[in-house]
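Descriptive structure summary
The lines below spell out each chain.
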Amino acid sequence: MSRHVEPSPRIGLEDIVHAQMHLKDVITRTPLQYNRVLSERYGCNLLLKREDLQIVRSFKIRGAYHLIRSLSPETLEKGVICASAGNHAQGVAYSCQTLGIPGKIYMPSTTPRQKVTQVSFFGGSQVEVILTGDTFDDAYAEAIAESQRSGMAFVHPFDDAMIIAGNGTIGQEIMEAAESIPDYIFLTVGGGGLAAGVASYIKIVSPATKLIGVEPEGAPSLRVSLEMGEVTPLDQIDKFVDGAAVKRVGDLTFAICKELLDDVIAVPEGKVCTTMLDLYNENAIVAEPAGALTIAALEAYREQIAGKTVVCVVSGGNNDIDRMQEIKERSLIYEGLKHYFMLSFPQRAGALREFLDQVLGPNDDITRFEYTKKHNKDNGPALVGIELKHRDDYAPLVERMSRKGFQFVELNKDPVLFNLLI
């Protein structure tokens, strides 16, 4: 995403009000809900802006529809193009169907079938889905090339003034629905379109409100760019928080976020997973990883938000159920409840039985056991996964393994071996 955009420090209030006029009959005016569980946990008045309840289950419909609706009739007749692996594609597809215009949506060939099906559903006969390349960057390059060939307008996922203004309507709705002025608003940051839009509105009508951008720890593109003083692409990212994992923030969004956000913090992916599970178990809210980011950030701000009115924007709820096992696994590892070892048993009879009877604690559970050699198993190490009931059970477990003469490598502390074996 190397498109150059002349940085403009502000999206005006009138731009966002104009966007609201475009969107009022198309989007859901999502609720600003008081959350008792989180309010009591953090000692604050916690409100959730439920963008996961949009018709496409994310905020992306706001910017996409506003941008497309703002194009000239001549441009609309030719149609639009976008590149996306998820939520933006659904927003564009829905807009094409609603406005009755043709659209081409380029998605990586690795995109899960569920997401491709949703895009086709929202776009209907108006949209052609084209699967190409292995990554978003591949799909993006193809979409740009086709836009230049055909003259169809390219709908950028975040780095466009119309996209940002459309997203800014979330800020307008927050201020209109809130009974008191929020002290803090937490915003998911991927490419920066959501944060830039909401910040553009909030800082005009309530300059004292603190705006906190939240990125996944494995893809802190805005924070790194802020530290470097300019937009700085990341070489590698963890793609788990797929709705916010981008290598490069936008030029325009960077300029706005740099000026208007009060802080940008990163949250570990494992913490995001724990938050997703808690939201489902405690509140029956199905949030995607990017949607749970803002709530996962509250722990880092526990002292500052005590006694305050806090808003967390839940940016989306397009979570694939096939990912739930991975989400649970990442959560357990982050919480210190799941540990993997490469374990060599002492060369004596009954060593495995001794491990089970004298090393494992009464609440410890073996969840995985694999010999690494198909032959001579007695002489080969084993891959052992152990789930604990309490985090504090870990140190005694390791102490008993050492005392009983079991040689082991802790895979959780070795990223290379962990990724290779687990």
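Report follows, based on the coordinates. Every value quoted in this text rests on a predicted model; they were computed, and no experiment measured them.

Some details on the overall build of the protein
What the protein contains, in helices and strands, is 18 helices and 14 strands. Computed over the C-alpha atoms, the radius of gyration of the protein is 24 Å, within 12% of the 22 Å expected from 2.2 N^0.38 for a compact globule of 422 residues. Its C-alpha atoms put the protein at 80 × 50 × 40 Å along the principal axes. Going through the 422 residues of the protein one by one, you find that 55% of them count as buried. Put simply, 74% of the contacts in the protein that link residues at least 6 apart link residues at least 24 apart. Both charge centroids of the protein, one from 43 positive and one from 55 negative side chains, sit 4 Å from each other.

Regarding a nonpolar patch on the surface
A surface patch of nonpolar side chains, about 210 Å² in accessible area, is lined by Leu352, Leu356 and Tyr371. Its place among the elements puts leucine 356 in helix H16 (residues 351-359). A relative accessible area of 33% means that leucine 356 is categorised as partly exposed.

Observations regarding the environment of glycine 307
With respect to the helices, strands and loops of the structure, glycine 307 is situated in the loop between helix H14 (302-305) and strand S10 (309-314). On the basis of relative accessibility, which here comes to 68%, the residue glycine 307 falls in the exposed class. Separated by 73 residues in the primary sequence, glycine 307 and leucine 234 place their C-alpha atoms 37 Å from one another. The residues touching glycine 307, leaving out its near neighbours within four places in the chain, are Gly43 and Cys44.

Here's the deal with the sheet that holds strand S13 (residues 382-387)
Judged by pairing direction, the sheet is antiparallel, and its four strands sit side by side in the order S12-S13-S11-S14 without closing on themselves. The two strands at the open ends of the sheet, each matched to only one other strand, are strand S12 (365-371) and strand S14 (407-410). On average, adjacent strands in this sheet sit at an angle of 25° to one another, irrespective of strand direction. Direction of pairing for strand S11 (residues 338-344) relative to S13: antiparallel, over a ladder of six bridges. Among the inter-strand pairings, lysine 338 is bridged to a residue of S13, identified as glutamate 387. Strands in contact with H16 are S11, S12 and S13; relative to S12, the strand with the most contacts, it is inclined by about 160°.

With respect to helix H13 (residues 289-296)
In terms of burial, H13 is a largely internal element, eight of the eight residues being buried. Of all the residues in H13, the buried ones are Pro289, Ala290, Gly291, Ala292, Leu293, Thr294, Ile295 and Ala296.

Examining the nonpolar core
Within the largest apolar cluster, 35 residues are counted, with the highest numbers of intra-cluster contacts made by Ile185, Leu222 and Leu261. For this core, the elements supplying multiple residues, two or more each, are helix H1 (13-23), helix H8 (161-177), strand S7 (184-188), helix H9 (193-205), helix H11 (251-260) and S10. By residue number, the principal contributor to this core is H9, which donates seven residues. The contact partners of isoleucine 185, leaving out residues within four places of it in the chain, are Ile174, Ile202, Thr209, Lys210, Leu211, Ile212, Val311 and Val313. Counting residues in each nonpolar core, the second largest holds 34 residues, with Cys44, Ala244, Val272 and Ile285 among its members.

Overview of the state of the cysteines
For the coordinates displayed, the defined rule picks out zero disulfides. Looking at cysteine 44, it has no disulfide partner, and the nearest cysteine sulfur is the one in cysteine 312, 7.9 Å off. There is no disulfide at cysteine 82, and the cysteine sulfur nearest it, in cysteine 96, is 7.7 Å away.

Quick word on the side chain of glutamate 329
Relative to the assigned elements, glutamate 329 resides in helix H15 (residues 324-334). Here the side chain of glutamate 329 touches tyrosine 340 through a polar contact of 2.2 Å, side chain to side chain. Contacts of glutamate 329, omitting those with residues within four sequence positions, involve Lys338, Tyr340 and Ile422.

Re the sheet that holds strand S3 (residues 80-83)
Taken in spatial order, the four strands line up as S5-S4-S3-S6 in an open sheet, and their pairing is parallel. Of all the strands in the sheet, the pair left with one neighbour each is strand S5 (127-131) and strand S6 (153-154). One ladder, built from five bridges, connects strand S4 (residues 103-107) with S5; its direction is parallel. Of the residues in S5, the one forming a bridge with isoleucine 105 is valine 129. Sitting on the sheet, helix H7 (residues 136-150) touches S3, S4 and S6, and the angle it makes with S3 is about 165°.

Examining a negative patch on the surface
Together, Asp134, Asp137, Asp138 and Glu142 make up a region of like negative charge exposed at the surface. Within the element layout of this structure, glutamate 142 appears in helix H7.

Observations regarding the packing of H8 against H9
Relative to each other, H8 and H9 sit at 50°, their axes nearing to 7 Å. With respect to each other, H8 and H9 are oriented oblique. Seen from above, H8 lies across H9 with right-handed handedness. Taking contact as the criterion, the partners of Ile164, Asn167, Gly168, Ile170, Gly171, Gln172 and Met175 in H8 are, on H9, Gly193, Leu194, Ala196, Gly197, Val198, Tyr201, Ile202 and Val205. Residues belonging to the contact of H8 with H9 are distributed by class as follows: nine nonpolar, six polar and no charged.

Description of the side chain of lysine 115
You can see lysine 115 is positioned in helix H6 (residues 113-123). Among the polar contacts listed, one links the side chain of lysine 115 to the side chain of aspartate 242, at a separation of 2.6 Å.

What about the pattern of salt bridges?
According to the stated counting rule, one finds 23 salt bridges in the structure shown. Between lysine 115 and aspartate 242 there is a salt bridge whose closest N-O contact spans 2.6 Å. Note that lysine 115 is positioned in helix H6 and aspartate 242 in the loop between helix H10 (221-228) and H11, a separation of 127 residues in sequence. Its relative accessible area of 12% is what places lysine 115 among the buried residues. The exposure class assigned to aspartate 242 is partly exposed, which follows from its relative accessible area of 33%. Each member of the salt-bridge network shares a partner with another, and the members are Lys49, Glu51, Arg62 and Glu173.

Each value, and the rule that gives it
- Residues numbered from 1 in each chain as written.
- Predicted model: local features only at pLDDT ≥ 70, side-chain atom pairs only at ≥ 80, totals over all residues.
- Heavy atoms only, no water.
- Helix = DSSP H or I, 4+ residues; strand = E, 2+ residues; numbered from the N terminus.
- Rg over C-alpha atoms; globule rule 2.2 N^0.38 Å.
- Buried < 20%, exposed > 50% of the residue type's maximum accessible area, 1.4 Å probe, protein only.
- Contact = heavy atoms within 4.5 Å.
- Lys, Arg positive; Asp, Glu negative; His and termini not counted.
- Charge placed at Lys NZ, Arg CZ, Asp CG, Glu CD.
- Patch = residues over 30% accessible without salt bridge, like charges linked within 9 Å, V, L, I, M, F, W, Y side chains within 5 Å.
- Areas by Shrake-Rupley, 256 points an atom, 1.4 Å probe, with all protein chains shown as cover.
- Salt bridge = Lys/Arg side-chain N within 4 Å of Asp/Glu carboxyl O.
- Pairing = 2+ DSSP bridges.
- Axes fitted to C-alpha atoms, helices over the stretch in contact; angles between N-to-C directions.
- Core = buried A, V, L, I, M, F, W, Y, C linked by side-chain atoms within 4.5 Å.
- Disulfide = S-S within 2.5 Å.
- Polar contact = N/O pair within 3.5 Å; in protein donor to acceptor, adjacent residues only side chain to side chain.
- Parallel < 35°, antiparallel > 145°, perpendicular 65-115°, else oblique.
- Left-handed = near helix turned anticlockwise from the far one by under 90°.
- Nonpolar A, V, L, I, M, F, W, Y, C, P; charged D, E, K, R; others polar.

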